[in-house]
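Structural description and commentary
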Amino acid sequence: MKDKIEQLIKKALATLGIEECSFAVEHPGESINGDYSSNVAMVYAKRVAKNPRVFAEELLLEIQKDLGEEIEKVEIAGPGFLNFYLSKTFFQKTLQSILKDEQFGKGDVLKGKKAVFEYTDPNPFKAFHIGHLMANAVGESLSRVAEFQGAEVKRICYQGDIGLHVAKTIWAMKKARLAFPEDADSFDDKIKFMGDAYVSGVNAYEDDSVVQAEIREINKKLFEKSDTDLQVYYDKGRKWSLDYFETIYKKLGTHFDDYIFESEVATRAVEIVKKYTPKVFEESEGAIVFKGEKYGLHTRVFLNKEGLPTYEAKELANAIEKAKRHQFDFCIITSANEIKEYFKVVLKAMSLIDQKNGERTSFVGHGMLRFADGKMSSRKGNVVTGESLIEDTEADVLIKMEGREIEDSLKKDIATKVAIGAIKYSILHQSIGRDIIFDKEKILSFEGDSGPYLQYAFVRASALLAKAEKDGISVSLDNPPSIPYNIEKVLYMFPEVVLRSWDEKSSHGIVEYLVRLSGAFNSFYAEGLIVSKEPDAPYKLALVTAFRNILKNGLWLLGIGAVSKM
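Below: a short report on this structure. As the structure is a prediction and not an experimental result, all values here were calculated from the model. (Residues numbered from 1 in each chain as written. Predicted model: local features only at pLDDT ≥ 70, side-chain atom pairs only at ≥ 80, totals over all residues. Heavy atoms only, no water.)

1. A short note on unusual backbone geometry
At the junction of Thr-277 and Pro-278, the peptide bond is cis and its omega measures out at 10° in the coordinates. Among the structural elements, Pro-278 can be located in the loop between helix H10 (262-275) and strand S8 (282-284). Here Phe-125, not a glycine, exhibits a phi torsion of approximately 80°, which is positive. Position of Phe-125 relative to the elements: it lies in the loop between strand S5 (114-118) and helix H5 (130-148). When its relative accessible area of 1% is taken as the criterion, Phe-125 is described as buried. The backbone of Asp-449 sits at a positive phi, close to 55°, despite the residue not being glycine. Taking relative accessible area as the criterion, Asp-449 reaches 31% and is therefore assigned partly exposed. (Helix = DSSP H or I, 4+ residues; strand = E, 2+ residues; numbered from the N terminus. Buried < 20%, exposed > 50% of the residue type's maximum accessible area, 1.4 Å probe, protein only.)

See the structure below:
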């Protein structure tokens, strides 16, 4: 409908001699001002040397010649806004479309496009930290939005399974070999042992120059795969890490189509940098660097003095490997804002080596997650990791569920979905790139602006439909109200919201829309009995069905699971 209104306005402008058109068509903040509003008269009034309101009247005369049945009326407001009011016919047709198509809102702007989304990217031998959780939430949601717009999507996870962080962990694992877990030991014991080893290795590396030299030598041997004893530690630790990550992905609802590891591209990274030196890179104090200052950026090392590839070099090889495995039209990489400037350098170097690959790769950054109470440790006293944040939130949900009539067999699954929903909501409801304040009390509230609020609205709608089925009341579009319900004036917006989300590469708009939609549903729910023997009950149930369909699609786009009970 937005496109139709834009075309109506452009046609009116053309009739009045204005061909170049650039104006806004938006939803007014208050429904009293219509369903759409445009500032076109104010934009062009100066060009035609007329008062904006006078020019708005001229436009209105032209627009009214061809309104069609979907627009009831157009009015002028304030200094010259054109307010469009949609008709009862439009709302009924939209409702019919939603009921016919359970994937209402699905678009085709990316039809025929192949897309790669790289996100999460945790490093084996290290914890799955909160940054990985944020990248997962953002990347998973954007990949789903792209799918919803018709793209063929491949999800990639690129992981640093080689480098100094690995060497630090393995050095400490060797030192603590007497406490090395047996194969039969629990998974938690293995992960804890490795996590403790990483912390120990990091501290020793920073505090002792002798240990630093030992760890650097381990790093070199791991890169060369020249020490079988080290390889035993490496193989076990790597497997523990990858298995551990999979347990988290399962909870988060993410399935990756492909995994690329730094160990697979490290040798290729060295070859690439050497091949393009001095054409792209240059030697500097024994290392090979990219002089970014030539392009308004900064200098970064790609091969260190020992001839080993840095993250930057391996990122180049990763890009080439992705292109080799997946013939994509575009690739979006999601990670923290703190590497944004670093990534600009990598993308510039990539463009000089492979222009097509560089141009079709983009970076979407997310902010930092901070805690409202200032605490950075879990209830167990550990530093908050992504896993501990999920577990702590699950525990809080289970406490809130005490006394509710829910089967014990369902409680754990519901608690996980609600916890994940609450965490993802808190990440995605902020505009892309902004930092997030994580307040556990607020994110688990049923009173609005939270994941559980949306999930509970879904539960409530499902319960109404189940009751109607039990009472033998069917959905019907007969007996519509003389004036559309307020919820009807929100339902139709969904396709626009999804498309804008893709254009902005942010799920923030979807979150805002679902909160508004759920608020309209809850008001509708409170206005009067829905499941009844009254003649209008079937139409009301049609609205509930439409709401439930759209909410389910919206939650899916956010990566939030719908639940049957709460």
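2. Overview of the packing of helix H20 (residues 508-527) against helix H21 (residues 537-558)
For any two helices packed against each other, the geometry is given by the interaxial angle and the distance between the axes. Put simply, H20 and H21 touch, their axes get as near as 10 Å, and they point 155° apart. On the basis of their axis angle, the class for H20 and H21 is roughly antiparallel. Of the two elements, H20 crosses H21, and the hand of that crossing is left-handed. Across the interface between the two elements, Ile-510, Val-511, Tyr-513, Leu-514, Leu-517, Ser-518, Phe-521 and Phe-524 of H20 pack against Lys-540, Leu-543, Val-544, Phe-547, Ile-550, Leu-551, Gly-554, Leu-555, Leu-557 and Leu-558 of H21. For the contact of H20 with H21, a count of residues per class yields 15 nonpolar, two polar and one charged. (Axes fitted to C-alpha atoms, helices over the stretch in contact; angles between N-to-C directions. Parallel < 35°, antiparallel > 145°, perpendicular 65-115°, else oblique. Left-handed = near helix turned anticlockwise from the far one by under 90°. Contact = heavy atoms within 4.5 Å. Nonpolar A, V, L, I, M, F, W, Y, C, P; charged D, E, K, R; others polar.)

3. Some details on the pattern of salt bridges
Two side chains carrying opposite charge are able to pair once their charged atoms lie near each other. Tallying each qualifying case throughout the model produces 37 salt bridges. As a salt-bridge pair, Glu-271 and Arg-268 come within 3.8 Å of each other at their nearest N and O atoms. Within this pair, Glu-271 and its partner Arg-268 are both found in helix H10, separated by three residues, close to a single helical turn. Judged by relative accessible area, Glu-271 falls into the partly exposed class, the value being 43%. Note on Arg-268: relative accessible area 39%, which makes it partly exposed. For Glu-282, the salt bridge goes to Lys-294, with nearest N and O atoms at 3.5 Å. With Glu-282 in strand S8 and Lys-294 in the loop between strand S9 (287-290) and strand S10 (300-303), this residue pair connects regions lying 12 residues apart in the sequence. Residue classification places Glu-282 among the partly exposed positions, given a relative accessible area of 28%. (Salt bridge = Lys/Arg side-chain N within 4 Å of Asp/Glu carboxyl O.)

4. Digging into helix H19 (residues 494-504)
By the burial criterion, the buried members of H19 are Phe-494, Glu-496, Val-497, Val-498, Ser-501 and Trp-502. Following H19 by one or two positions, Lys-505 has its phi on the positive side, about 55°.

5. Here's the deal with the sheet that holds S9
Ordered by their spatial adjacency, three strands build an open sheet running S8-S9-S10, and the pairing between neighbours is antiparallel. What marks the edges here is a single partner per strand, and that holds for S8 and S10. Strand after strand, the sheet turns through a mean of 55° between neighbouring axes, direction not considered. (Pairing = 2+ DSSP bridges.)

6. Remarks on the state of the cysteines
Tallying each qualifying case throughout the model produces zero disulfides. Looking at the unpaired Cys-157, the closest cysteine sulfur is the one in Cys-331, lying at 13 Å. Under the relative-accessibility criterion, Cys-331 is labelled buried at 1%. (Disulfide = S-S within 2.5 Å.)

7. Comments concerning the side chain of Asp-35
As for its placement among the helices and strands, Asp-35 is situated in the loop between strand S1 (25-26) and strand S2 (36-38). Comment: no salt bridge for buried Asp-35; closest opposite-charge side chain is Lys-489, at 4.5 Å. (Lys, Arg positive; Asp, Glu negative; His and termini not counted.)

8. Re the nonpolar core
Side chains of a nonpolar character, in soluble globular proteins, are inclined to be buried together. Grouped together as the largest cluster of nonpolar side chains are 149 residues, with contacts concentrated most on Leu-82 and Phe-117. Looking at which element gives the most residues to this core, the answer is H21, with 13 residues. Those residues in contact with Phe-117 that lie beyond four places of it in its chain are Gly-139, Leu-142, Ser-143, Ala-146, Val-153, Lys-154, Arg-155, Ile-156, Phe-330, Ile-332 and Trp-502. Listed in part, the 33 residues of the second largest apolar core include Ile-272, Leu-316, Tyr-342 and Val-345. (Core = buried A, V, L, I, M, F, W, Y, C linked by side-chain atoms within 4.5 Å.)

9. As for the pairing of strand S12 (residues 361-366)
The two faces of the sheet receive side chains in turn, since in a regular strand these alternate between them. Summarising burial for S12: five of the six residues are buried, a large majority. As paired elements, strand S11 (residues 330-336) and S12 share six bridges and run parallel to each other. Bridge pairing in S12 links Thr-334 to Val-364.

10. Some remarks on the side chain of Ser-450
Note that Ser-450 resides in the loop between helix H16 (440-443) and helix H17 (451-470). Under the relative-accessibility criterion, Ser-450 is labelled buried at 0%. For Ser-450, the side chain forms a polar contact with the main-chain oxygen of Ser-445, separated by 2.4 Å. Those residues in contact with Ser-450 that lie beyond four places of it in its chain are Tyr-425, Lys-442, Ile-443 and Ser-445. (Polar contact = N/O pair within 3.5 Å; in protein donor to acceptor, adjacent residues only side chain to side chain.)

The quantities given are spatial measurements derived from coordinates; they are silent on function.
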